[in-house]
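What the coordinates show
Chain residues, written in single-letter form:
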Amino acid sequence: MDSAIRIRDLEKEYGEVRALKGVDLDVPKGSFFGLLGPNGAGKTTFINILVGLVKKSGGTAEVFGADVEDDYREARDRIGLAPQEFNVDRFFPIREVLEHKAGYHGIPKSEARDRADEVLKRVGIYDKRDTRFDWLSGGMKRRFVLARALITEPDLLILDEPTAGVDVQLRHDLWDLITELNESGTTILLTTHYIEEAERLCDEVAILDSGQIVEVASPEELMGRGPDKVTISLRN
Ligand code: ATP
């Protein structure tokens, strides 16, 4: 299989806490892959290792064949991350924040503004380009975080609970947008607590529980066992 993400025996310890316990996982190139699990299962830790925010304690983690620690730059430039916690420069107009991010990733200044405008249009907040992040509504903030993840035209887009707490309209808009991205070839890794979101969007789903992958299946297979069982396993 041609993997976008290839994980073997991945371990993470925070002092006494074993957040990841020997995780093996392959996310195929071009897939829409769901990572589900209850609070504290290790989903954010897993993502943070992929993007270099957290150092693993053991095992290997590769993105498109590049080791996330040894070949950090190569791996990182191909990943777009829309994190759960917004960590955005709040005091500058959002277009400038995007241009700055583009520059950080080596995109020439002459291209950066066009790219920023393009992604702002794509997520539907171009009219807010001169507004600072703080002044956006909650839904617009979500859209902006997605725009920021897209500025580098990533081959792998990681979305950490992108629709948590958003209204139905925005949830559907985001679903449409990320489905389009996947159809145009972007591999997507999505974490969610909503089984119906995974069922609607994902080709394959892994369930992470207490730092271990307990199941990899299609959403239909999971739902076939009864939504109650899945919900229970997600709640522990
Ligand atoms: P949620 O769905 O609530 O966001 P999660 O599946 O993303 O949870 P993580 O945030 O990765 O889970 O946490 C996994 C475990 O590691 C938890 O027990 C958590 O308390 C612990 N943990 C996470 N970050 C740290 C840290 N910086 N220091 C110590 N323990 C941590």
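The text that follows walks through the structure, step by step, so that each part is easy to find. Fair warning: this is a prediction, and the values are worked out from it, not measured in the lab.

The next subject is the overall build of the chain. For the chain, the helix and strand inventory stands at nine helices and ten strands. The C-alpha radius of gyration of the chain comes to 18 Å, within 12% of the 18 Å expected for a compact globule of 236 residues. Taken over the C-alpha atoms alone, the chain extends approximately 45 × 40 × 35 Å along its principal axes. Counting every position in the chain, which comprises 236 residues, the buried fraction comes to 52%. At a minimum sequence separation of 6, the contacts of the chain that also span at least 24 residues come to 68%. A total accessible area of about 11,200 Å² is found for the chain, and carbon and sulfur atoms account for 45% of it. Positive and negative charge centroids in the chain, built from 32 and 44 side chains respectively, lie 5 Å apart.

Another aspect to go through is the sheet that holds strand E8 (residues 187–192). In spatial order, the strands read E6-E7-E8-E3-E9-E10; together these six strands make up an open sheet with mixed pairing. Every interior strand has two partners, whereas the edge strands, strand E6 (79–82) and strand E10 (212–217), have only one. For this sheet the average axis-to-axis angle between neighbouring strands, irrespective of direction, equals 15°. For E6 and strand E7 (residues 156–160), the ladder comprises four bridges, and the chain directions are parallel. Along E7, the bridge assignment pairs Gly 80 with Leu 157. Of the strands in this sheet, E6 and E7 are in contact with helix H5 (residues 138–150), which crosses E6 at around 170°.

Let us look at the pairing of E10. Of the strand pairs in this sheet, strand E9 (residues 204–209) and E10 are connected by five bridges, and their pairing is antiparallel. Considered in E10, the bridge of Ile 207 is made with Glu 215. Between E9 and E10, which follow one another and run antiparallel, lie two residues, and Ser 210 among them has a positive phi close to 45°.

Around the ligand sit 14 residues, and of these Asn 39, Gly 40, Lys 43, Thr 44 and Thr 45 come closest. His 193 places a side-chain nitrogen or oxygen 3.4 Å from an oxygen atom of the ligand. The protein chains hide 60% of the 640 Å² of surface that the ligand would expose on its own.

Further remarks concern the sheet that holds strand E2 (residues 17–28). One open sheet holds the four strands; their spatial order is E2-E1-E4-E5, and the pairing between them is antiparallel. Two strands lie at the open edges of the sheet, namely E2 and strand E5 (66–67), each paired on one side alone. Both strand E1 (residues 3–14) and E2 contribute to a ladder of nine bridges, which runs antiparallel. In the strand pairing of E2, Glu 13 is matched with Arg 18.

Residues lying three or four places apart along an α-helix face the same way, a consequence of the helix completing one turn every 3.6 residues. Here helix H3 (residues 94–104) has its buried residues at Ile 94, Arg 95, Val 97, Leu 98, Glu 99 and Ala 102. Packed against the buried residues of H3 are helix H4 (109–123) and H5. Gly 106 sits one or two positions beyond H3 and adopts a positive phi of about 85°.

It is worth spelling out the nonpolar core at this point. Among the nonpolar cores identified, the biggest contains 44 residues, and Leu 98, Phe 144, Leu 146, Leu 157, Leu 159 and Ile 178 are the most heavily contacted of them. With sequence-adjacent residues up to four places away left out, Ile 178 is seen in contact with Phe 32, Leu 146, Leu 157, Leu 159, Ile 188, Leu 190 and Leu 201. In terms of nonpolar packing, the next biggest core, distinct from the first, is built from 30 residues, Ile 7, Leu 50, Val 68 and Ile 158 among them.

Attention shifts here to the environment of Leu 36. With respect to the helices, strands and loops of the structure, Leu 36 is situated in strand E3 (residues 32–36). Residues Leu 36 and Tyr 194, spaced 158 residues apart in sequence, show a C-alpha to C-alpha distance of 8.3 Å.

As a further point, take the packing of H3 against H5. Interaxial distance between H3 and H5 falls to 9 Å at its minimum, and their mutual angle equals 25°. Accordingly, the angle class assigned to the pair H3 and H5 is roughly parallel. Classified by chirality, the crossing of H5 by H3 is right-handed. In this structure, H3 contributes Ile 94, Val 97, Leu 98 and Lys 101 to the contact, and H5 contributes Phe 144, Ala 147 and Arg 148.

Looking now at the side chain of Thr 152. As for its placement among the helices and strands, Thr 152 is situated in the loop between H5 and E7. Note on Thr 152: relative accessible area 13%, which makes it buried. In contact with Thr 152, not counting residues within four places along its chain, are Asp 77, Ile 79, His 105, Ile 107 and Arg 115.

Thresholds, definitions, all that
- Residues numbered from 1 in each chain as written.
- Predicted model: local features only at pLDDT ≥ 70, side-chain atom pairs only at ≥ 80, totals over all residues.
- Heavy atoms only, no water.
- Helix = DSSP H or I, 4+ residues; strand = E, 2+ residues; numbered from the N terminus.
- Rg over C-alpha atoms; globule rule 2.2 N^0.38 Å.
- Buried < 20%, exposed > 50% of the residue type's maximum accessible area, 1.4 Å probe, protein only.
- Contact = heavy atoms within 4.5 Å.
- Areas by Shrake-Rupley, 256 points an atom, 1.4 Å probe, with all protein chains shown as cover.
- Lys, Arg positive; Asp, Glu negative; His and termini not counted.
- Charge placed at Lys NZ, Arg CZ, Asp CG, Glu CD.
- Pairing = 2+ DSSP bridges.
- Axes fitted to C-alpha atoms, helices over the stretch in contact; angles between N-to-C directions.
- Near = heavy atom within 4 Å.
- Polar contact = N/O pair within 3.5 Å; in protein donor to acceptor, adjacent residues only side chain to side chain.
- Core = buried A, V, L, I, M, F, W, Y, C linked by side-chain atoms within 4.5 Å.
- Parallel < 35°, antiparallel > 145°, perpendicular 65-115°, else oblique.
- Left-handed = near helix turned anticlockwise from the far one by under 90°.

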